[in-house]
Amino acid sequence: MRKNHVTLNNTLEIPQIGLGVWKIPNEDVTQVALSALSLGYRHIDTAKVYGNEKGVGLAIAKTDIPREEIFVTSKLWNDDQGYDSTLRAFDETMSNLGLDVLDLYLIHWPEPSKDLYLDTWRAMIELYEQGRVSAIGTSNFNPSHLTRIIDATGVTPTVNQIELHPRFAQRNLREFHKQHAIAIESWSPLGNGRLLNDERIAVIASKHGCTIAQAILAWHLQQRLIVIPKSVNEARLAENLAAQDIILDDEDIAAFAQIDAVDGRNGADPDA
Ligand code: A2P
């Protein structure tokens, strides 16, 4: 396995740190992605609903880095769920990105009230079998949603991207993923910026001579989680990538465990 990569259950390798581009406007994202690529990022995580797939595609077209060295993820939005509409939405995403093959395509939310995620998953399998996407997965799926699509199709998602950070460590959910060999991608790995003043993490950071953000990212990386921190700032992009060099010890991991909280969730509940 390549350094700083995670091997997915279909043998594809994914760079463990990626650039998350949620909330970066389309007109800004090209420059941010180009900065990230020149700093060494080789993984960009976007979604149709972010409205910036075109800007991401432009960065991939402009950079000198070969296409096959960049891992690109996008996500199918809720309004596009259903078999035929998934196939159409995928075409639109690929035209926005200007790509022939996508590395990873995710169902953005299960939306259980619509009851379309199983049909959607069947369409994702079709895209995978056609070779138009190298890996398929889910986002914000709970064990009940995952179990249903696995049992019905025999195809296990390669990844599930979920809200996960030290205040919302999702221990039970992580155990389920381990049993099914589903890699976890942590969205909002820095707790949406809300953990950046935490005094308990400041103690760990000062011990390692790093920033709080780096200590948090090191916590994810050490547990084999894939992380997609968002930043528009070049210095912070570099800082986040450098978290790959920090090694936490058992005492640090135990201190982080104290931060996990029952009300740690910042985003939406997937069941709602
Ligand atoms: P900015 O884009 O101005 O750097 P999350 O990924 O958990 O949702 O957190 C993203 C937020 O954290 C953004 O507001 C981003 O702001 C900020 N951020 C990202 N990296 C760092 C860092 N290394 N230090 C401080 N803030 C950061």
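From a predicted model like this one, the values you see are computed outputs, not experimental measurements. (Residues numbered from 1 in each chain as written. Predicted model: local features only at pLDDT ≥ 70, side-chain atom pairs only at ≥ 80, totals over all residues. Heavy atoms only, no water.)

Enquirer: Help me get a handle on the nonpolar core, residues and values and all.
Expert: The biggest cluster of nonpolar side chains holds 70 residues, and the ones touching the most others in it are L19, V21, L102, Y105, I201 and F256. Looking at this core element by element, the count peaks at eight residues for helix α8 (residues 212-222). Setting aside residues no more than four positions away along its own chain, V21 makes contact with V29, I44, D45, T46, Y50, N52 and V56. With ten residues, the next largest nonpolar core counts I14, L104, L106 and I226 among its residues. (Core = buried A, V, L, I, M, F, W, Y, C linked by side-chain atoms within 4.5 Å. Buried < 20%, exposed > 50% of the residue type's maximum accessible area, 1.4 Å probe, protein only. Helix = DSSP H or I, 4+ residues; strand = E, 2+ residues; numbered from the N terminus. Contact = heavy atoms within 4.5 Å.)

Enquirer: An account of the packing of helix α1 (residues 26-39) against helix α2 (residues 53-62) is needed here, citing residue identities and associated values.
Expert: The geometry of α1 relative to α2 is characterised by a closest axis approach of 7 Å and an angle of 40° between their N-to-C directions. The crossing of α1 and α2 is right-handed. Between α1, through N26, V29, T30, A33, L34 and L37, and α2, the contact on the second element is made entirely by E53, K54, G55, V56, L58, A59 and K62. Grouping the constituent residues of the contact of α1 with α2 by class yields seven nonpolar, three polar and three charged. (Axes fitted to C-alpha atoms, helices over the stretch in contact; angles between N-to-C directions. Left-handed = near helix turned anticlockwise from the far one by under 90°. Nonpolar A, V, L, I, M, F, W, Y, C, P; charged D, E, K, R; others polar.)

Enquirer: Any details on the pairing of strand β7 (residues 133-139)? Residues and values, ideally.
Expert: Judged by how many residues are buried, β7 sits mostly within the fold: six of seven residues are covered. Here strand β6 (residues 102-107) pairs with β7 via five bridges, running parallel. The residue of β7 that forms the bridge with Y105 is I136. For the segment spanning β6, helix α4 (residues 117-129) and β7, crossover handedness is right-handed. Strand direction decides the pairing type here: β7 and strand β8 (residues 159-163), joined by two bridges, are parallel. Bridge pairing links S139 to Q161 in β8. Since β7 and β8 lie parallel, the crossover through helix α5 (residues 143-153) that links them has a hand, and here it is right-handed. (Pairing = 2+ DSSP bridges. Right-handed = clockwise from strand over helix to strand, strands pointing away.)

Enquirer: Lay out the side chain of E53 with the relevant residues and their values.
Expert: One can find E53 in helix α2. One buried charged side chain, E53, makes no salt bridge at all; its nearest oppositely charged neighbour is K48, positioned 6.9 Å away. At 3.5 Å, the side chain of E53 forms a polar contact with the backbone nitrogen of K48. A polar contact of 2.8 Å, which involves the side chain of E53, links it to the side chain of T93. Not counting the four nearest positions on each side in its chain, E53 is found in contact with N26, T46, A47, K48, S74, T93, N96 and L97. (Lys, Arg positive; Asp, Glu negative; His and termini not counted. Salt bridge = Lys/Arg side-chain N within 4 Å of Asp/Glu carboxyl O. Polar contact = N/O pair within 3.5 Å; in protein donor to acceptor, adjacent residues only side chain to side chain.)

Enquirer: Now, about the pattern of salt bridges: what can you tell me, with residues and values included?
Expert: The full count for this structure, using the stated rule, is 15 salt bridges. Of the charged contacts in the structure, one is a salt bridge between R132 and D91, with a shortest N-O distance of 3.0 Å. Within this pair, whereas R132 is found in the loop between α4 and β7, its partner D91 is found in helix α3 (residues 83-97), the two being separated by 41 residues in sequence. Accessibility expressed as a relative area gives 37% for D91, which makes it partly exposed. Taken together, the shared-partner salt bridges in this structure form one network comprising K207, D249, E251 and D252.

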